[in-house]
Amino acid sequence: MNKRTLDVAEMLARLPMFKELDPAQLAVICAGTRAVRGERGQVLFAKGDPARVFYVVLFGTVKLALSAGTHNEKVLQIVGPGETFGEAMIFLERPFPVTAECLSSCLLLEIAGEGLLAAVDASPVFARRVLAGMSQRLHELIGDVEAYSTRTAAQRLVGYLLNLCGASGSAHFPTSKYVVASLLNLTPETLSRILHTLTQAELIEVDGRHIRIRDADRLRAYV
């Protein structure tokens, strides 16, 4: 086994999704896996492409969107380190329904669908882990739909900021404000207006893409 294969195997073995596989099962996955680098703006797959592989993000961020590359796109998800995308279509044997585009320089693992299916057949624990991951994303998608339907624009943005900053109270937008606005089903102008209002109310500080929450309790109560 060459150095490149060893490196891929080590990267796979460190990921929670694959840690329960025995060496033989991991080798099946590894045989159909390669490390790929993506640059900002690079399309990994487009809507309608056949789904023969899926991806794990090692570093960087990837957006999943409809009508990517246009000013009318709808961003559905921003995928970050340790997260996977594309595996559901392997099971459905259908083309990708979205476009995946790198938002920054990325390092990913591209994994062949055949290896995924073989590992699922061989390991019930792995199969449950894959199902849990897809179920979690479905739960998040339902939460997003609920937010679009029942929450105001300000409520959506405040919820996003609280989740983004977490306990530290400080974070960077993972991508441009235009993409974040699309993710939250807002216009860029609305996003900027609400950020300005929250800043004027001394609830947050904004410096470029850096966000600091000045008073989390007041921010939660704001909307």
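What you are looking at is a predicted structure, and each value in this text was computed from that prediction instead of being measured. (Residues numbered from 1 in each chain as written. Predicted model: local features only at pLDDT ≥ 70, side-chain atom pairs only at ≥ 80, totals over all residues. Heavy atoms only, no water.)

Enquirer: Help me out: how do you make sense of the packing of helix H2 (residues 23-31) against helix H4 (residues 113-122) in this one?
Expert: Relative placement of two packed helices is described by the angle separating their axes and the distance separating the axes. Contact pair H2 / H4: the axes reach a minimum separation of 8 Å and the direction vectors enclose 165°. Judged by the angle between their axes, H2 and H4 are roughly antiparallel. Judged by the twist between their axes, the crossing of H2 over H4 is left-handed. On H4, the residues touching Gln25, Val28 and Ile29 of H2 are Gly115, Leu116, Ala118, Ala119 and Ala122. (Axes fitted to C-alpha atoms, helices over the stretch in contact; angles between N-to-C directions. Helix = DSSP H or I, 4+ residues; strand = E, 2+ residues; numbered from the N terminus. Parallel < 35°, antiparallel > 145°, perpendicular 65-115°, else oblique. Left-handed = near helix turned anticlockwise from the far one by under 90°. Contact = heavy atoms within 4.5 Å.)

Enquirer: Help me understand the packing of aromatic side chains in this model?
Expert: Between two aromatic rings, the relevant description is the distance of the centres plus the angle of the planes. Taken as a whole and judged by the stated rule, the model has six aromatic pairs. Both rings, one in Phe45 and one in Phe85, keep their centres 6.0 Å apart while their planes meet at 45°; by these two values the pair is tilted. Separated by 40 residues along the polypeptide, Phe45 in strand E2 (residues 43-45) and Phe85 in strand E6 (residues 84-85) bring together distant segments of the chain. For the pair formed by Phe45 and Phe85, the shared burial category is buried. Judged by centre distance (5.3 Å) and plane angle (15°), the rings of Tyr55 and Phe85 are stacked. Of this pair, Tyr55 sits in strand E3 (residues 53-59) while Phe85 sits in strand E6, and the two are 30 residues apart along the sequence. Of the residues examined, Phe85 reaches a relative accessible area of 2% and is grouped as buried. Through successive ring pairs, a cluster of aromatic residues spans Phe45, Tyr55, Phe85 and Phe96. (Phe/Tyr/Trp six-rings, centres within 6.5 Å; stacked < 30°, edge-to-face > 60°. Buried < 20%, exposed > 50% of the residue type's maximum accessible area, 1.4 Å probe, protein only.)

Enquirer: Help me out: how do you make sense of a nonpolar patch on the surface in this one?
Expert: There is a patch of nonpolar side chains on the surface, built from Leu138, Leu141, Ile142 and Val145 and spanning about 370 Å² of accessible area. Its location among the elements puts Val145 in helix H5 (residues 124-150). Overall, Val145 belongs to the partly exposed group, its relative accessible area being 45%. (Patch = residues over 30% accessible without salt bridge, like charges linked within 9 Å, V, L, I, M, F, W, Y side chains within 5 Å. Areas by Shrake-Rupley, 256 points an atom, 1.4 Å probe, with all protein chains shown as cover. Salt bridge = Lys/Arg side-chain N within 4 Å of Asp/Glu carboxyl O.)

Enquirer: Just checking my understanding: could you explain H2 for this structure?
Expert: Structurally, the α-helix is built with 3.6 residues per turn, so residues lying three or four positions apart point the same way. Looking only at H2, the buried set comprises Gln25, Leu26, Ile29 and Cys30. Buried residues along H2 cover an arc of 140° about the axis, so they all sit on one side. Away from its buried face by more than 90 degrees, H2 exposes Ala24 and Ala31. Capping the start of H2 is the job of one residue whose side-chain oxygen sits 3.1 Å from the backbone nitrogen of Ala24: Asp22. (Arc of directions from axis to C-beta. Polar contact = N/O pair within 3.5 Å; in protein donor to acceptor, adjacent residues only side chain to side chain.)

Enquirer: Looking at this model, I keep getting lost on the sheet that holds strand E9 (residues 170-172). Mind explaining?
Expert: Backbone hydrogen bonds are what pair the strands of a sheet, in a parallel or an antiparallel way. Read across the open sheet, the three strands follow the order E9-E11-E10; overall the sheet is antiparallel. Edge strands, defined here as strands with exactly one partner in the open sheet, are E9 and strand E10 (204-207). Between one strand axis and the next, the sheet turns by 15° as a mean value, whatever way the strands run. Helix-sheet contacts for helix H6 (residues 153-165) involve E9, E10 and strand E11 (210-213), and the interaxial angle to E11 is about 95°. Along the sheet face, helix H8 (residues 188-200) touches E10 and E11 and points at about 125° away from the line of E10. (Pairing = 2+ DSSP bridges.)

Enquirer: So what exactly am I meant to see when it comes to the state of the cysteines here?
Expert: One way to say it: the disulfide is the covalent bond shared by the sulfur atoms of two cysteines. Evaluated as defined, the whole model comprises zero disulfides. For the unlinked cysteine Cys102, the closest cysteine sulfur is that of Cys106, found at 3.9 Å. (Disulfide = S-S within 2.5 Å.)

Enquirer: So what exactly am I meant to see when it comes to the nonpolar core here?
Expert: The tendency in soluble globular proteins is for nonpolar side chains to be buried as a group. Membership of the largest hydrophobic core comes to 28 residues, with the highest contact counts inside it found for Leu161, Leu195, Leu198, Ile204 and Leu219. Listed by contribution, the elements that provide at least two residues to this core are strand E5 (74-79), H6, helix H7 (177-183), H8 and E11. Counting residues per element, this core draws most heavily on H6, at seven residues. Contact partners of Ile204, with chain neighbours within four places excluded, come to Leu161, Leu195, Leu198, Thr199, Arg212, Ile213, Arg214 and Leu219. (Core = buried A, V, L, I, M, F, W, Y, C linked by side-chain atoms within 4.5 Å.)

Function-wise, these values are silent; they only describe arrangement.
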